[in-house]
Amino acid sequence: MKKSIEYKMKKNKLLLIGWDAADWKIIGPLLAKGQMPHLKKIIDNGVYGNMATMNPPYSPMLWSSVATGKTPDKHGVLGFIELLPDLEGVRPVSTNSRKSRAVWNILHNKGYKSNLIGWWPSYPAEPINGVVISDKYQKVNSDPKKRKPLDEKAIHPLIEKENFLNLRMFPMEITQAHILPFIPRAAEIDQDEDMLLKPFAKVLSQNVTIQNAVTRLLRTTDWDFTAVYYDLIDHMCHSFMKFRAPKLSKIDQTKFEIYKDVVDGAYRFQDMMLGRKLQLIDENTTVIVMSDHGYESGNKRILKMPKVNAAPAMEHRQFGMFAAMGPNIKKNTKVFGLGLIDVAPTILHHFNLPVGKDMDGNVMREIFKDFREPESIESWEKVKGDFGEVDKTVEGEALSDQEAMEQLIELGYIDKPDIDKNKMIIKTKCELKHNLATVYLGLNQHEKAKEILLELLQEKDTVDISVYYKDLIKISLTKENYSEAKKYLQSLKKVKTEVKYNLFFIESEILDGEGRTKEALNILTSVISSRGYMPELWNKIGALQYKLGDYKFAEDSFEKAISLESDNATYHRNLAETYYSLKNYEEAVDSALTSIELVRNFPAAHFILAQSLEKLGDLENAKKAYLTAASLNNNLKEKENQAIENIEEKLKQVKLNDKTDYKYRDNQITVVSGLPRSGTSMMMQMLSNGGLNPLVDNKREADKSNPKGYFEYEPVMGIHKDNSWLGKARNKSVKIVAPLLKYIDTKYRYKIIFMKRDLNEVIKSQLIMTKKNPDIFPVKIHNSYVRLLNNIENWKEKEPGVEIIYVDYKEIIENPEENIEKIESFLGIDLERSKMETAIDKSLYRNRSKETEKTK
Amino acid sequence: MDNEDKFPIEGSLGILAFGDIAFEKWREVKIANNIFNEEEYRVQNEEE
């Protein structure tokens with residue numbers, strides 16, 4: 001006993017507890033009812049927050065990222081199963097798949113003692129300084145008659161085997177007294193028809209085994225770091241979440257009554273086990289409780305899993321949970337932006353060890369009371385020495401693990417192995433490759449993902465390739481290559497598959513990408529009657545309505561999406577943007593704040609918050625919000641910086657709203673815009689005469705319609721595909737017609753001189769130029785121009801780097817001096833006014849007016 | 001009856017949550033009372 005007290009006195013210990021699939025959505029109400037008192041203690045005395053998961057959300061991949069601080073493409077654990085080294089069969093994923101060192105390997109190298117219990121994967125047990133109870137230890141055979149001697153590689157050091165052999169609980173030992181708290185009406189279950197008690201007993205007994213092992217180690221060993229993993233919540237959710245309240249309409253009422261409390265019971269039992277562990281540590285020990293992903297508990301629960309690779313993971317939610325307390329952890333503080341890959345760097349930092357620069361995660365700065373800058377090294381992989389690793393070079397035998405395989409099959413994570421061995425091997429290879437492709441997709445490494453997916457299409461005779469086409473479409477859409485997306489969509493439609501894809505989303509996105517936004521919207525609205533329960537459908541509808549400038553409709557659609565899924569940060573952000581466009585800035589602020597409350601590190605939400613605050617005149621807070629957005633988003637930094645610059649000018653009371661008091665911006669690009677035939681060429685000529693060089697290539701020659709030339713630059717026509725040439729326009733002028741303005745690269749500062757002319761005149765002039773009958777007035781074109789002009793106003797409001805003045809074509813002809821002065825002031829540069837005036841040909845306007853007049 | 005009242009903190013689940021010491025004691029009692037068969041454990045743990 002004295003010995004264990006000495007152990008407790010050791011400083012700076014860290015206990016990491018993994019609760020697979022634990023979700024704040026379930027925990028919150030249980031905390032409120034006082035039913036998870038031990039987790040509450042950690043929250044009250046420590047930090048808590050969301051834990052963002054990664055794609056694909058498969059637990060062995062995720063927990064390996066927790067252990068290594070690296071994404072799966074680096075650590076090599078790519079699924080639930082792996083190929084045998086001789087490629088002649090498959091087995092549950094093992095330590096052998098991991099190519100990177102885990103945090104316990106590094107601690108071993110530095111002389112620390114670690115205990116590792118049940119980690120997924122941790123078999124064969126690694127020979128570290130401490131004790132490893134691998135994930136094979138708790139998996140016993142459900143049949144008590146079958147022998148299940150403990151595998152020698154399941155525990156390290158082997159000398160500990162006797163100490164743990166009798167701590168394994170068998171499913172047959174689960175009694176009525178254990179079942180009733182979870183399932184009070186268990187006696188009513190007809191076990192010939194309803195087989196759910198069997199997996200229940202198995203999962204419960206296995207988790208008790210893990211608890212027995214970790215409590216033994218916490219009590220009796222000297223340790224610096226202990227990590228323990230429980231699959232209780234995840235596995236109970238896979239079997240019983242569909243029965244939890246609120247009752248799903250397709251669930252039988254009796255079964256609902258019988259099983260509705262199992263999931264909550266699993267959380268409460270997990271908390272009870274936590275309580276015991278907290279008794280076995282002291283106040284000098286830091287504790288982390290975390291999950292790898294959440295679990296759908298609302299209307300996204302799936303009753304019938306599609307037959308695809310790892311289908312049950314489709315119910316995994318994007319956010320898991322994180323809570324920690326300890327001597328150097330802040331108290332009762334919510335923390336944001338945590339990711340699975342941040343855990344290992346944080347643990348290394350806790351032990352004063354440097355973080356590998358090749359790790360993808362960062363130290364969680366926010367959780368520490370006293371934070372010192374982390375140290376780093378190039379890579380822990382390159383450090384020579386003993387890291388307590390298994391010798392993979394001598395590993396060659398097939399690790400038969402029937403129990404683990406059976407459990408994965410029962411849970412639906414893997415299919416029953418095919419009788420045809422070759423087929424099974426090909427399927428496994430494909431699954432692992434596809435998982436790697438999914439990781440690359442998540443990392444935006446599209447080319448790497450595409451290469452793998454194209455390779456996988458060759459296996460069309462063995463596996464369902466529809467999912468590969470779906471991913472290829474996703475890549476094409478990201479790259480805005482809509483013709484390619486269409487090609488893959490056609491191929492996907494030809495594949496025989498049991499999976500029912502919502503292809504209307506893809507079809508709509510392709511149409512929108514092709515500029516057919518109304519048709520894109522029609523596709524989505526046509527499925528409302530059958531899919532109106534999908535929040536994402538309403539969100540997409542809202543986004544298209546917004547794009548079309550129908551803000552009131554968009555508001556309704558986003559509100560509908562939120563009513564179906566209230567905790568989706570994107571929906572709230574989209575609603576905020578809509579309110580902003582409706583000039584309802586207070587509502588915009590509220591929605592943006594709700595979005596940020598849900599996902600703190602959401603740059604687009606901070607940005608719209610900042611813009612709304614700026615409109616409300618709260619410049620100081622707007623500036624803070626812009627700064628936050630900038631710090632979170634490398635891609636949009638210029639945009640945020642422009643906004644901050646604007647605010648600082650406002651704070652210095654520079655009257656920028658006064659159009660006669662603009663200032664010159666370094667490297668500004670002067671854009672002459674407007675509808676075709678609204679005097680843009682004339683304005684370009686004026687600026688050129690005044691001394692501002694135009695960016696032109698003169699490929700379009702002067703003609704009767706524009707006798708002085710068009711002042712055009714050919715790449716402008718392809719600006720929607722490539723706007724990289726805009727750098728050439730710095731300190732010059734360039735003509736960009738109104739519909740193309742939205743494609744400019746917002747990293748530059750723009751001064752837009754927007755030519756306005758009576759819309760009827762513009763349209764008629766266009767009709768004459770294109771030799772169409774000017775007597776037939778094109779109402780559709782007229783309406784679309786009106787919408788376009790409104791959209792430009794809205795777009796300008798959201799682009800901090802864009803300043804616009806409107807110049808009336810007729811007015812500049814009639815009153816050039818005043819307008820030229822206005823332009824000169826707007827651009828903030830000196831122009832030769834008299835020369836500018838020479839570009840104005842009053843006779844040309846009169847002739848044009850006569851022409852259009854004739855047609856009236 | 002609310003689940004809150006049905007979930008024992010100190011009862012059978014409490015014993016399991018407590019971990020190794022309680023578990024070994026619990027199993028000992030179950031075997032002593034012939035609730036579980038010692039032979040079955042022996043078989044399960046037995047080496048080939």
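Residues numbered from 1 in each chain as written. Chains lettered and ligands numbered in written order. Predicted model: local features only at pLDDT ≥ 70, side-chain atom pairs only at ≥ 80, totals over all residues.

Our next topic: the overall build of chain B. From N to C terminus, chain B includes four helices and zero strands. Among the 48 residues that make up chain B, the fraction classed as buried is 19%. (Helix = DSSP H or I, 4+ residues; strand = E, 2+ residues; numbered from the N terminus. Buried ≥ 20, exposed ≤ 12 C-beta atoms within 10 Å, placed from the backbone.)

Of all the residues in helix α30 (residues 759–769) of chain A, the buried ones are V762(A), I763(A), K764(A), S765(A) and L767(A). Two residues or fewer after α30(A) comes K771(A), characterised by a positive phi angle close to 55°.

Residues and elements named next belong to chain A. Going residue by residue along strand β5 (residues 114–117), you find S114 and L116 tucked away on one face and N115 and I117 tucked away on the opposite face as well. Here β5 pairs with strand β6 (residues 130–133) via four bridges, running parallel. Directly across from I117, in β6, lies its bridge partner I133. Where β5 meets strand β8 (residues 225–230), four bridges bridge the pair, whose relative direction is parallel. (Pairing = 2+ DSSP bridges.)

Let's shift gears to the packing of helix α19 (residues 503–513) of chain A against helix α20 (residues 517–525) of chain A. Residue and element names in this part refer to chain A. One way to put it is that α19 packs onto α20 with a least axis distance of 7 Å and a crossing angle of 170°. Judged on the interaxial angle alone, α20 and α19 are roughly antiparallel. The segment α19 lies against α20, with F504, E507, S508, L511 and D512 engaging T517, E519, A520, I523 and L524. Partitioned by chemical class, the residues of the contact of α19 with α20 number five nonpolar, two polar and three charged. (Axes fitted to C-alpha atoms, helices over the stretch in contact; angles between N-to-C directions. Parallel < 35°, antiparallel > 145°, perpendicular 65-115°, else oblique. Contact = placed C-beta atoms within 7 Å. Nonpolar A, V, L, I, M, F, W, Y, C, P; charged D, E, K, R; others polar.)

Moving on, we get to helix α15 (residues 421–442) of chain A. Given a rise of 1.5 Å per residue, 22 residues ought to cover 32 Å, and the 32 Å separating the end C-alpha atoms of α15(A) matches this to within 8%. One or two steps after α15(A), the chain reaches N444(A), where phi turns positive at roughly 60°. (Expected span 1.5 Å × (residues − 1).)

Where a protein is soluble and globular, its nonpolar side chains tend to be buried together. Residue and element names in this part refer to chain A. V289, A323 and A324 are the most contacted members of the largest nonpolar core, which has 194 residues in total. Residue contributions to this core peak at 10 residues, all from helix α9 (residues 197–220). A domain split of this core shows at least three residues from each of domain 1 (13–404) and domain 2 (418–501). With near-sequence residues (within four places) excluded, A324 lies in contact with I42, G46, V47, T286, V287, I288, I329 and I367. Among the nonpolar cores identified, the runner-up in size contains 43 residues, and M686, V696, Y809 and F826 belong to it. (Core = buried A, V, L, I, M, F, W, Y, C linked by C-beta atoms within 7 Å. Domains from an automatic or database assignment.)

Turning to the packing of helix α24 (residues 569–581) of chain A against helix α26 (residues 603–616) of chain A, a few remarks are in order. Residue and element names in this part refer to chain A. At their nearest, the axes of α24 and α26 sit 10 Å apart, and the two run at 25° to each other. Put simply, α24 runs roughly parallel to α26. Judged by the sense of rotation from one axis to the other, the crossing of α24 with α26 is left-handed. Contact residues: α24 offers A569, R573, A576, E577 and Y580, while α26 offers A604, A605, I608, Q611 and S612. For the contact of α24 with α26, the per-class residue count stands at six nonpolar, two polar and two charged. (Left-handed = near helix turned anticlockwise from the far one by under 90°.)

Looking now at the domain arrangement of chain A. Residue and element names in this part refer to chain A. Parsing chain A into structural domains produces domain 1 (13–404), domain 2 (418–501) and domain 3 (669–854). Computed from C-alpha coordinates alone, the two centres of domain 1 and domain 2 are separated by 30 Å. The partner domain 2 presents 20 residues to the 19 residues of domain 1 that form the contact. Considered class by class, the residues forming the side of domain 1 that touches domain 2 number 12 nonpolar, five polar and two charged.

Picture the strands of a sheet paired through backbone hydrogen bonds; they go either parallel or antiparallel. Residues and elements named next belong to chain A. As summarised here, the arrangement of the nine strands in space is β7-β6-β5-β8-β1-β9-β12-β2-β13, forming an open sheet in which the pairing is mixed. Two strands close off the open sheet at either side, each with one partner strand: β7 (155–156) and β13 (333–339). Strands β5, β6 and β8 of the sheet are contacted by α9, whose axis makes an angle of about 170° with β8. Across the sheet, helix α12 (residues 262–279) touches β1 (14–19), β8 and β9 (286–290), and the angle it forms with β1 is around 170°.

Turning our attention to the environment of H446(A). All names here are of chain A. When you line up the elements, H446 lands in helix α16 (residues 446–456). Separated by 150 residues in the primary sequence, H446 and E296 place their C-alpha atoms 28 Å from one another. With residues near it in sequence (within four places) discarded, H446 still touches I475, T478 and K479.

So, on to unusual backbone geometry. Residues and elements named next belong to chain A. Cis rather than trans, the peptide bond between N55 and P56 has omega equal to -10°. Residue position: P56 is located in the loop between β2 (46–52) and α4 (59–68). Cis geometry is adopted by the peptide bond preceding P246, which originates at A245 and carries an omega value of 0°. Looking at the element boundaries, P246 is found in the loop between α10 (232–240) and α11 (253–259). Positive phi, close to 40°, is recorded for N332, a residue that is not glycine. In this structure, N332 sits in the loop between β12 (319–325) and β13. Notably, N352 is not glycine yet its phi reads approximately 60°, a positive angle. Within the secondary structure, N352 sits in the loop between α13 (343–350) and β14 (355–356).

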